[in-house]
Protein chains: 2
Amino acid sequence: MSDSEGWDGDLRDTGLALKHDREWDYELDRVADAVAERDADTVALQFPEGLKRRAAGVADDLDELLPEKVRIYISGEANFGACDLDTDLMRRSDVFVHFGHSPMVEGGDVIYVPLFSNVDVEPILEEAVGHLEGDEVGLVTTAQHMNKFEMMQSFLEDRGFTVHTRRGDERLTHEGQVLGCNYASAEVPADQVLYVGGGGFHPSGLAMDNPEKRVVIADPVNNVVKPASAEKFIKQRYAAIHSAMDAETWGVIAGTKIGQRRHGIAETIVAENDDAYLITLDEITPDHLRNFGLDAYVNTACPRITTDDGPQFDQPLLTPQEYRIAVGEEPMDALEFDTFEGTW
Amino acid sequence: MSDSEGWDGDLRDTGLALKHDREWDYELDRVADAVAERDADTVALQFPEGLKRRAAGVADDLDELLPEKVRIYISGEANFGACDLDTDLMRRSDVFVHFGHSPMVEGGDVIYVPLFSNVDVEPILEEAVGHLEGDEVGLVTTAQHMNKFEMMQSFLEDRGFTVHTRRGDERLTHEGQVLGCNYASAEVPADQVLYVGGGGFHPSGLAMDNPEKRVVIADPVNNVVKPASAEKFIKQRYAAIHSAMDAETWGVIAGTKIGQRRHGIAETIVAENDDAYLITLDEITPDHLRNFGLDAYVNTACPRITTDDGPQFDQPLLTPQEYRIAVGEEPMDALEFDTFEGTW
């Protein structure tokens, strides 16, 4: 069981990438059917960062299935999750396809293509069994491996485990699913949780949200079993809180992405602190905040930008709870991972 | 007359910055009147990059003029011109204020606060007169110095010059005004043009768009008179075209900002080239294009991103005309600066 400390906070490290040469099923027939049904003139495609390199090829394949008149648009906006839905392009196109993420709400006019992984998870589960303790285990995975969730469950039960699963909350489409910002599916009566999936992004959040639980990663993409640890992140968070304690002015970011809105939290902070200013922003990057020159920032949008990208910002970037700790409203040891609940 | 070659392509170098400690008139009484008139609950403020550092102070000053219930939002989106209008925040707020840029269209529900410079331009005009040749001169300036345009004109006429001015096209609010993407106001019957204004951003575009004209900069902000030259830029553009000539795949960027849409140009390129793909994008940065991994890109949105930021991108970034040169549709010596005409 190798060490997990190599995780350096990379939002792109989700296992949803091409390096292992998996073949995804883009379900282009389903897209072509929708184009025909709506007699569409334009179809827009949105890919996660890890699959953008396939965008041109998928557009070529789709083009062959479509009438001459149909124009294909590709979204260039940053895309790390279903919360990054390109709503502007959605409004401008007759058919809008979002690849690789599961929907956060039912309905809407988006075709979600799940891109289930065809990686065999049995060998890595076999190895993982030797690293589990006792006979109770929670089981979670990502949207990419959801098609094998029942198989994983049966596999573990056949090995004598009592497997605890749940669908966390309505932000999640599936039982056992986790998102970078939501680990409610791991809130099960077991002291250990097995995460089956690629990359370090999801299990690092799982460990941050569950410091009292043992988290074991079974990664069928990189073929490795290892523990997930939140230690490095917790140190970074305390460091960020400490460096923000002297801040005299605060920027409080209200995210405008459809899946990242917690404006009520932002407005409450600004209403209670005369030296806090509400800044609205879609994509949150160091460049966007640099010129404001405020002493510290609170990010009420995607918590993973705070925890994973935070150290790249010029000034401390805190979660709402970390802000309350920094200004003395909560004790230091109350620190919790910031999660995002609900649909939008 | 010092050398102008120090200009390195910085979109922020517009003279609209705080380093010279000018006092701008933010016209907050006018904003407060609009809030009262509309019985507004929310007012949103958008500042150019160079003035974002004053956002918190302006919000404080405005807050004192407003009823308790009114909430103030500050736009965090990148803002280099009137084309960068934060239309999303505009829709979400009862009163929307855009500082420092003149409107590109009449009407709309935006309060534009021009932020006229209070820098005295007479001393620099006095110095500039010694650098002009003959007795005919074109005169242009930026929105910041528009309040002194008639004075500049009279000053030069008093020195015996015939001063040629015009309002370029409907993208410009004022006679004699230039934008980073539009120098139509310099299309006058004179072999030399005097640019009065701060920074290197505008005159470098003026020189690129007018290679046959002598361009003299009279910069009252940095207190310097110097020639503007397009030489370095022209070399960079030829280098970019050459490095794109081997490209097998092209990304063609259709900008989604309200003031940067030339989608027809983008769609024509994609329709005529099977290896070109249309990518929609709001803010165009190297990070947004990196993961597509295409060989070269054509930017139909803001031309200054191409000419000024272009070298920072991983792959060649060309203007639409540069693309036509790279694929052999136009001769190399046809190269012209890419300008943006019309209102939106």
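Numbering of residues starts from 1 in every chain and runs along the sequence as written. Chains and ligands are labelled sequentially in the order written, the chains with letters from A and the ligands with numbers from 1. The predicted origin of the model limits local features to residues at a pLDDT of at least 70 and limits the giving and counting of side-chain atom pairs to 80 or more, whereas totals for whole chains, interfaces and linings rest on all residues.

A. Fine view of the overall build of chain A. Counting from the N terminus, the helices are DSSP H or I runs at least four residues long and the strands are E runs at least two residues long. A count of helical and extended segments in chain A gives 11 helices and 13 strands. Residue pairs at least 24 apart in sequence account for 68% of intrachain contacts in chain A once pairs closer than 6 positions are excluded. Any pair of residues counts as being in contact when their C-beta atoms, constructed from backbone geometry, are within 7 Å of one another.

B. Region of the structure containing the interface of chain B and chain A. Each partner contributes to the interface: chain B provides 32 residues, whereas chain A provides 32 residues. The residue makeup of the side of chain B that touches chain A, split by class, is 16 nonpolar, eight polar and eight charged. At least two bridges found by DSSP between two strands is the condition for calling them paired. Where strand β11 (residues 276–281) of chain A and strand β2 (residues 71–75) of chain B come together, three bridges link them in parallel fashion. Residue pairing for β2(B): Leu278(A) is matched across the bridge by Tyr73(B). Three classes are used, and their members are as follows: Ala, Val, Leu, Ile, Met, Phe, Trp, Tyr, Cys and Pro are nonpolar, Asp, Glu, Lys and Arg are charged, and the others, Gly among them, are polar.

C. Broad picture of the domain arrangement of chain A. All names here are of chain A. Note that domain bounds follow an automatic or database assignment of domains. Under the domain assignment, chain A is made up of domain 1 (28–113), domain 2 (122–229) and domain 3 (232–334). Distance between the C-alpha centres of domain 1 and domain 2: 30 Å. Facing five residues of domain 1, the contacting portion of domain 2 comprises seven residues. Tallied by class, the residues present in the side of domain 1 that touches domain 2 amount to two nonpolar, three polar and no charged.

D. Broad picture of the sheet that holds strand β1 (residues 42–46) of chain A. Read across the open sheet, the eight strands follow the order β4(A)-β3(A)-β1(A)-β2(A)-β11(B)-β10(B)-β12(B)-β13(B); overall the sheet is parallel. Looking at the sheet topology across the chains shown, the edges are occupied by β4 (110–113) of chain A together with β13 (317–318) of chain B. The axes are straight lines fitted to the C-alpha atoms, using for helices just the contacting stretch, and the angles between their N-to-C directions are given from 0 to 180°. Against the sheet, helix α1 (residues 28–38) of chain A engages β1, β3 (95–99) and β4 of chain A, with an angle of about 165° to β3(A).

E. Highlighting the relation of the copies chain B and chain A. Overlaid copies result from least-squares superposition on C-alpha atoms, with residues included only where pLDDT is at least 70 in both. Mapping chain B onto chain A calls for a screw motion: a turn of 180° about the axis and a shift of 0.0 Å along it, with 0.0 Å RMSD after fitting. The transformation just described matches what one would write down for a two-fold rotation axis.

F. Up close: the pairing of strand β12 (residues 296–299) of chain B. Residue and element names in this part refer to chain B. In this scheme the burial state of a residue depends on its C-beta neighbours within 10 Å: 20 or more other such atoms mean buried, 12 or fewer mean exposed, and anything in between means partly exposed; the C-beta positions come from the backbone. Both faces of β12 are covered, namely the face carrying Ala296 and Val298 and the face carrying Tyr297 and Asn299. Both strand β10 (residues 250–255) and β12 contribute to a ladder of four bridges, which runs parallel. From the neighbouring strand, Trp250 faces β12, where its bridge partner is Ala296. Where β12 lies against β13, two bridges are found, and the strand directions are parallel. Within the sheet, the bridge partner assigned to Val298 lies in β13 and is Leu318.

G. Representation of the environment of Val193(A) within the structure. Residues and elements named next belong to chain A. Within the secondary structure, Val193 sits in strand β7 (residues 192–196). In this structure Val193 comes out as buried when scored by C-beta crowding, with 26 C-beta atoms within 10 Å. C-alpha of Val193 to C-alpha of Thr141: the two residues are 52 residues apart in sequence and 10 Å apart in space. Once you skip the residues sitting within four places of it in the chain, Val193 turns out to touch Gly138, Val140, Ala186, Leu206, Asn210, Lys213 and Val215.

H. Region of the structure containing helix α2 (residues 55–65) of chain B. Listing the buried residues of α2(B) in full gives Ala55(B), Ala56(B), Val58(B) and Leu62(B). Viewed along the axis of α2(B), the buried residues span an arc of 160°, placing them on a single side of the element. Looking at α2(B), the residues exposed on the side facing more than 90 degrees away from the buried face are Gly57(B) and Glu64(B). Against the buried residues of α2(B) lie β11 of chain A together with α1 (28–38), β1 (42–46) and β2 of chain B. As used here, the arc belongs to the directions running from the helix axis to the C-beta atoms.

I. Up close: the sheet that holds strand β6 (residues 162–164) of chain A. Residues and elements named next belong to chain A. Reading across from one edge, β6-β5-β7-β8-β9 is the order of the five strands in this open sheet, with mixed pairing throughout. Two strands lie at the open edges of the sheet, namely β6 and β9 (224–227), each paired on one side alone. Pairs of neighbouring strands in the sheet enclose a mean axial angle of 25°, with direction left out of account. Bridge count between β7 and strand β8 (residues 214–219): five bridges; the pairing is parallel. Bridging from a neighbouring strand, Leu194 pairs with Val216 of β8. Contacts from helix α4 (residues 122–129) reach β7, β8 and β9, with the element oriented near 150° to β8.

J. Unusual backbone geometry, seen in detail. Even without glycine at this site, Asp39(A) takes up a positive phi of about 50°. In this structure, Asp39(A) sits in the loop between α1 and β1. Overall, Asp39(A) belongs to the exposed group, with 10 C-beta atoms counted inside 10 Å. Positive phi, close to 50°, is recorded for Glu27(B), a residue that is not glycine.

K. Fine view of the environment of Arg214(B). Residues and elements named next belong to chain B. Structurally, the position occupied by Arg214 is in strand β8 (residues 214–219). Considering only alpha carbons, one finds Arg214 and Ser93, 121 residues apart in sequence, at a separation of 46 Å. With near-sequence residues (within four places) excluded, Arg214 lies in contact with Glu133, Asp191 and Gln192.

L. Just the packing of α1(B) against α2(B), in detail. Residues and elements named next belong to chain B. At a closest axis distance of 10 Å, the pairing of α1 and α2 adopts a crossing angle of 50°. Considered as vectors, α1 and α2 are oriented oblique to each other. Remark: the crossing between α1 and α2 carries right-handed chirality. Residues Leu28, Val31 and Ala32 of α1 touch α2, and the partners they reach there are Asp61, Leu62 and Leu65. When its residues are assigned to classes, the contact of α1 with α2 shows five nonpolar, no polar and one charged. Any angle that is under 35 degrees is reported as roughly parallel, and any over 145 degrees as roughly antiparallel; angles of 65 to 115 degrees are reported as roughly perpendicular and all others as oblique. By convention the crossing between two helices is left-handed if the near helix lies anticlockwise of the far one by an angle smaller than a right angle, and right-handed if it lies clockwise.

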